[in-house]
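Residues per chain are reported as follows:
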Amino acid sequence: MHPGHIGMFDATVGFDITLLRGIRNILFGGDGLFLAALTGPARVWRQSLTISNLAHALTPYLPQPNANCLRGRTENGSRAW
């Protein structure tokens, strides 16, 4: 499994990163050089987006910083601290 698609897993899961074998797999596989090997009886939650793509998808929904707060001032002009 691609390491970026692992959301979380139980503490009983063995987790290891393995190097992809075979020159054709490396060149044409499309998943990168490394895969995650998960072993053991437990639950694993997968995510469909990698962490970087998930962060990019959530960015429009995050609150934007107020320019006055960045300079240490509140909306009425007094100091934020």
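In what follows, the structure referred to is the one given above.
Let us look at the structure shown here.

So, how was this worked out
- Residues numbered from 1 in each chain as written.
- Predicted model: local features only at pLDDT ≥ 70, side-chain atom pairs only at ≥ 80, totals over all residues.
- Heavy atoms only, no water.
- Helix = DSSP H or I, 4+ residues; strand = E, 2+ residues; numbered from the N terminus.
- Buried < 20%, exposed > 50% of the residue type's maximum accessible area, 1.4 Å probe, protein only.
- Contact = heavy atoms within 4.5 Å.
- Areas by Shrake-Rupley, 256 points an atom, 1.4 Å probe, with all protein chains shown as cover.
- Phe/Tyr/Trp six-rings, centres within 6.5 Å; stacked < 30°, edge-to-face > 60°.
- Patch = residues over 30% accessible without salt bridge, like charges linked within 9 Å, V, L, I, M, F, W, Y side chains within 5 Å.
- Salt bridge = Lys/Arg side-chain N within 4 Å of Asp/Glu carboxyl O.

Regarding the overall build of the protein chain
When its secondary structure is counted, the protein chain shows three helices and four strands. Ordered by position in the sequence, the α and β elements of the protein chain form the string β-β-α-β-β-α-α. Counting the 81 residues in the protein chain, one finds 10% classified as buried. If you take every contact in the protein chain between residues at least 6 apart in sequence, the share linking residues at least 24 apart comes to 57%. When the accessible area of the protein chain is evaluated, it comes to approximately 6,700 Å², of which 59% is carbon and sulfur surface.

Quick word on the packing of aromatic side chains
Following the criterion strictly, the structure yields one aromatic pair and no others. Centre to centre, the rings of Phe9 and Phe15 are 5.5 Å apart; their planes meet at 15 degrees, and the pair counts as stacked. Judged by relative accessible area, which is 33%, Phe9 ranks as partly exposed.

Points about a nonpolar patch on the surface
Judged by side-chain polarity, Met1, Phe9, Phe15, Ile17, Leu19, Leu33, Phe34 and Val44 come together as a nonpolar surface patch covering roughly 680 Å² of accessible area. By residue number, the principal contributor to the nonpolar patch is strand 2 (residues 14–19), which donates three residues. One can find Ile17 in strand 2. Residue Ile17 is classed as partly exposed on the basis of its relative accessible area, which comes to 40%.

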